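# Per-entry structural report
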Amino acid sequence: MDGETPGKGANGAKIFLLWRIVMENNSATLLDIVNNLIALQKEGDYWDFKCNYNKNIDLMFDIICMANSLSSSDDRYIIVGVSESDGIFTVTGVEKNYMTQANIIDSLRNMNFSSSIPDIYLSKIEINNSNIDVIKIKNSQNKPYFLLKDYTRDGKRISRGVIYTRNGDSNT
């Protein structure tokens, strides 16, 4: 169903109610996860906070590092709209509808990966009346993710053949 409201019919009301419960539970679960990660007041090997969307190449680099993380977590998270100052992480929000899942996937597809691209999902949630984007990167058996050709944008480069990953709270 992927975010679409189910159709109507003889059992339409029951299906819609079930769909609504599933969607609300999925949203609540992600909201709980993000709130718990913010409460830790640090970054880790499967989550990273970003104040806003920086240059496209920086986001692609972050996604590759998270996708290659050896964390035992099934999902990895890039949470956009959380800033850090003096070691304190605070929800600041991000411009609503600035980035779309399609934009991110198109950028990944244009990078010439050795095999498939990382499996990502973009969700938009609200915390303290602020819009937060959560990029979820699924753990995969397709690791390692690396490029067959250099990817250069805005004076930065992601080099071909290099396996970038996340070590603790740092991309390497």
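Residues numbered from 1 in each chain as written. Predicted model: local features only at pLDDT ≥ 70, side-chain atom pairs only at ≥ 80, totals over all residues. Heavy atoms only, no water.

### Focus: the overall build of the chain
Counting its regular elements, the chain contains three helices and ten strands. The helix and strand sequence of the chain, counted from the amino end, reads α-β-α-β-β-β-α-β-β-β-β-β-β. Sorting the 172 residues of the chain into buried and exposed places 37% on the buried side. Taking all contacts inside the chain whose residues are at least 6 apart in sequence as the whole, residues at least 24 apart take part in 65%. Just so you have it, the chain exposes about 10,000 Å², and 47% of that area is on carbon and sulfur atoms. (Helix = DSSP H or I, 4+ residues; strand = E, 2+ residues; numbered from the N terminus. Buried < 20%, exposed > 50% of the residue type's maximum accessible area, 1.4 Å probe, protein only. Contact = heavy atoms within 4.5 Å. Areas by Shrake-Rupley, 256 points an atom, 1.4 Å probe, with all protein chains shown as cover.)

### Some details on the packing of aromatic side chains
Where two aromatic rings form a pair, the distance of their centres and the angle of their planes describe that pair. Per the stated rule, a full pass over the model turns up five aromatic pairs. Seen from their ring centres, Y46 and W47 are 4.8 Å apart, and the 70° between their planes marks the pair as edge-to-face. We classify Y46 as partly exposed; its relative accessible area is 25%. For W47, a relative accessible area of 6% translates into the label buried. On the numbers, 6.3 Å between centres and 90° between planes, the contact of F113 with Y145 is edge-to-face. Of this pair, F113 sits in the loop between α3 (101-109) and β5 (120-127) while Y145 sits in the loop between β6 (130-138) and β7 (151-153); the two residues are 32 residues apart in sequence, bridging distant segments of the chain. For F113, a relative accessible area of 7% corresponds to the buried category. Residue Y145 is classed as buried on the basis of its relative accessible area of 2%. (Phe/Tyr/Trp six-rings, centres within 6.5 Å; stacked < 30°, edge-to-face > 60°.)

### Quick notes on the confidence of the model for the chain
The share of residues in the chain with pLDDT of 70 or more is 84%, and the mean pLDDT across the chain is 86. Below a pLDDT of 50 lies the segment residues 1-8, which in the model reaches eleven contacts outside its immediate sequence neighbourhood of four places, other chains included. Residue range residues 18-23 is modelled with pLDDT below 50. Its contacts to residues more than four positions away, or to other chains, number six contacts. (pLDDT = per-residue confidence, 0-100.)

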